[in-house]
Every structure is written in C-alpha cells, then in structure tokens.
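Structural features, examined
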Amino acid sequence: MANRLITYRAAILEALFEEMRRDGNVVVMGEDVGAAGGVFKQTEGLFAAFGPHRVIDTPISEPGAFGMAVGAAMTGLRPVFEVMFGDFMTLVMDQLVNQAAKLRYMSNGAVGAPLVLRTTMGVGANLGPQHSQGFCAWGAHVPGLKIVVPATPADAKGLYKSAIRDNDPVLIFEDRSLYNATGPVPDGEILIPLGKAAITRPGRDITLIGI
C-alpha cells in the first residue's frame, strides 16, 4: 500500500467515514458534531454524508447524552460519543465507570457496551484550566476500559478503526496540538491492534515504555 501525507485530523475523519460506510450500526453522537462539524472540525462532512439519524447532535447534558450512548450500545449500535473537552469526562464518570465498563462482567458476557468515547486533551490556545487537562491515566485504572492515545496520523486511523470494531468501551484521547500535524498514512485498510506496543527501536538492555 502506498503512503500519503495527511494530517492527524484527516486520518481520524477518514477512519470515521470508512467505518460508518462499512457498518450501518456506527453512529456519531455529541455536542456540535452535526452540521457544525465539531468544535475543531473533527467531524466535518459526516452530517452531510450520513444525516441526522447517524450523526446526532446531543443536548448540552453530557451525563444524559452519554447514558443514551451506553443504552444504544447495549441494544446493538456502535456509538462514537464525543466529549468536547477531556475535562468534561468528570460529568460522565458514573455512566462510564459504573455502567459501561462493568456491563460485560455483570451480565456474565451476555451484554457489552461496544462504544468509543473520544475526547481532546492538551494545553495551549488560551483555553484555560478547565479545558486543558489530560485524564487518560484515570481510565487506565478502571477494569473494563481500554485507553487509546494516538501519536501519529497512521496511529490515529488504525487505532480508531480497531476501537470502533471492539466489543467493549474504548476511550480515545486526541491531543489538540496534533490535529494539523502531518505524517504518512497507508492507502486502504489499516488496523492497529489495541493493547499491543509499537516497538520503534528494538534493543536488548533497556525497555522504555511511554505515550
């Protein structure tokens, strides 16, 4: 497959378009994700392509809206729910931690919550102390949740597609400072397995692990 240079934002959008075309159960939900195209234009074009039944603008009520996403996931849809800023994850923690993360355990495998919660993190742009935090470590301490923090456009596309296809809840944290960063992304299908480290430089003496 040939590589193209595209932005981190474009790689995420490409993954969303491809997965929504592939699977009619994939829906996008969140504040301003529809006609507005997202506060950082990270859902641009989805509303025009798939319409209001699959790209759903929710009320400004993160707990209620995410609760609907959990219910939708339990009944067969695959929601990609956007929390506009990672700081607002505090508003959905009950539904996320006490419900979505535990459904497969509580039902003995009969019911899961195949959903993606996507959100942003990072400093800069004068967004203040309530819009600049990164809570990815929180989710890593909750059994039943998987955490994704893409570093490159190729990572973003491949991990997004795998997260959407996963049968359990996945949290994706997008660093806003990377949206316009460019990098090589292969044409066609690209899936990067969740939970497997990318070894960028093999060695014998020291192991460095990071995000």
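What you are looking at is a predicted structure, and each value in this text was computed from that prediction instead of being measured.

**Overview of the overall build of the chain**
The number of helices and strands found in the chain is 7 helices and 8 strands. Counted over contacts in the chain with a minimum sequence separation of 6, partners at least 24 positions apart contribute 82%. Surface accessibility of the chain: about 10,600 Å² in total, with carbon and sulfur atoms responsible for 58%. Separation between the mean location of the 18 positive side-chain charges and that of the 20 negative ones in the chain comes to 6 Å.

**Remarks on the environment of Ile199**
Checked against the element boundaries, Ile199 lands in the segment after strand 8 (182–186). Along the sequence, Ile199 and Ile209 sit 10 residues apart, while their C-alpha atoms lie 9.4 Å from each other.

**Topic: the environment of Val83**
Within the secondary structure layout, Val83 lies in strand 4 (residues 78–83). With relative accessibility at 1%, the residue Val83 sits in the buried group. Distance in space between the C-alpha atoms of Val83 and Glu31 is 7.6 Å, their sequence separation being 52 residues. Contact partners of Val83, with chain neighbours within four places excluded, come to Phe88, Met89, Leu117, Arg118, Thr119 and Thr120.

**Some details on helix 1 (residues 8–22)**
With 15 residues, helix 1 extends 21 Å from end C-alpha to end C-alpha; this agrees with the ideal 21 Å at 1.5 Å per step. Inspection of helix 1 places Tyr8, Arg9, Ala11, Ile12, Leu13, Ala15, Leu16, Phe17, Glu19 and Met20 among the buried residues, and these make up the whole buried set.

**A closer look at the layout of surface pockets**
Empty space within the largest pocket amounts to approximately 1,200 Å³. Lining the largest pocket are 29 residues, and of these Ala197, Ala198, Ile199, Ile209 and Gly210 sit closest to its centre. Every element with two or more residues in the lining of the largest pocket is listed here: strand 6 (146–148) and helix 7 (153–165). Grouping the amino acids of the lining of the largest pocket by side-chain chemistry returns 19 nonpolar, 5 polar and 5 charged.

**As for the pairing of strand 5 (residues 116–121)**
The element strand 5 is largely enclosed, with a buried count of 6 among its 6 residues. Burial along strand 5 is two-sided: Val116, Arg118 and Thr120 and Leu117, Thr119 and Met121, pointing in opposite directions, are all buried. Relative to strand 5, strand 4 runs parallel, the two being bridged by 4 bridges. By the bridge assignment for strand 5, Val80 is matched with Val116.

**Focus: the pattern of salt bridges**
When their charged atoms lie close together, side chains carrying opposite charge are able to pair. What the rule picks out here adds up to 14 salt bridges. For Lys161, the salt bridge identified is with Glu19, shortest N-O distance 2.7 Å. Highlighted residues: Lys161 in helix 7 and Glu19 in helix 1, separated in sequence by 142 residues. Look at Lys161 and you get buried, because its relative accessible area is 1%. A salt bridge links Asp168 to Arg104, with the nearest nitrogen and oxygen atoms 2.7 Å apart.

Cut-offs and rules
- Position labels on residues start from 1 in each chain and follow its written sequence.
- Totals for whole chains, interfaces and linings use every residue, but because this is a predicted model, local features are given only for residues with pLDDT of at least 70 and side-chain atom pairs only at 80 or more, for both listing and counting.
- The basis for every side-chain value is the complete set of heavy atoms in the structure, and neither hydrogens nor water enter the calculation.
- Helix and strand assignments follow DSSP, with helices taken as H or I runs no shorter than four residues and strands as E runs no shorter than two, numbered in order from the N terminus.
- The contact rule is simple, with two residues in contact once any of their heavy atoms fall within 4.5 Å.
- Using a 1.4 Å probe, accessible areas were evaluated by the Shrake-Rupley method; residue-level cover was limited to the displayed protein chains.
- Charge convention: Lys and Arg are scored as positive, Asp and Glu as negative, and His as well as the terminal groups of each chain are ignored.
- Where a charge lies is defined by one atom per residue type, namely NZ (Lys), CZ (Arg), CG (Asp) and CD (Glu).
- Think of it in three bands: residues with accessible area under 20% of the maximum for their type are buried, residues over 50% are exposed, and the middle band is partly exposed, with areas taken using a 1.4 Å probe on protein chains only.
- In this analysis, the expected span of each helix is defined as 1.5 Å times one less than the number of residues it contains.
- Space inside and on the surface of the protein is sampled on a 1 Å grid over the protein atoms alone, with a cavity defined as a set of points where a 1.4 Å probe fits but cannot get out and a pocket as an open set with protein on both sides within 12 Å along at least 5 of 7 lines; lining residues have an atom within 4 Å of a point.
- Grid points are joined across faces, edges and corners, and a volume is the space filled by probe spheres set on the points.
- Here the nonpolar group is Ala, Val, Leu, Ile, Met, Phe, Trp, Tyr, Cys and Pro; Asp, Glu, Lys and Arg are the charged ones; every other residue, Gly included, is treated as polar.
- By definition, two strands form a pair when at least two bridges between them are found by DSSP.
- Between Lys or Arg on one side and Asp or Glu on the other, a salt bridge is scored when a side-chain nitrogen of the former is within 4 Å of a carboxyl oxygen of the latter.

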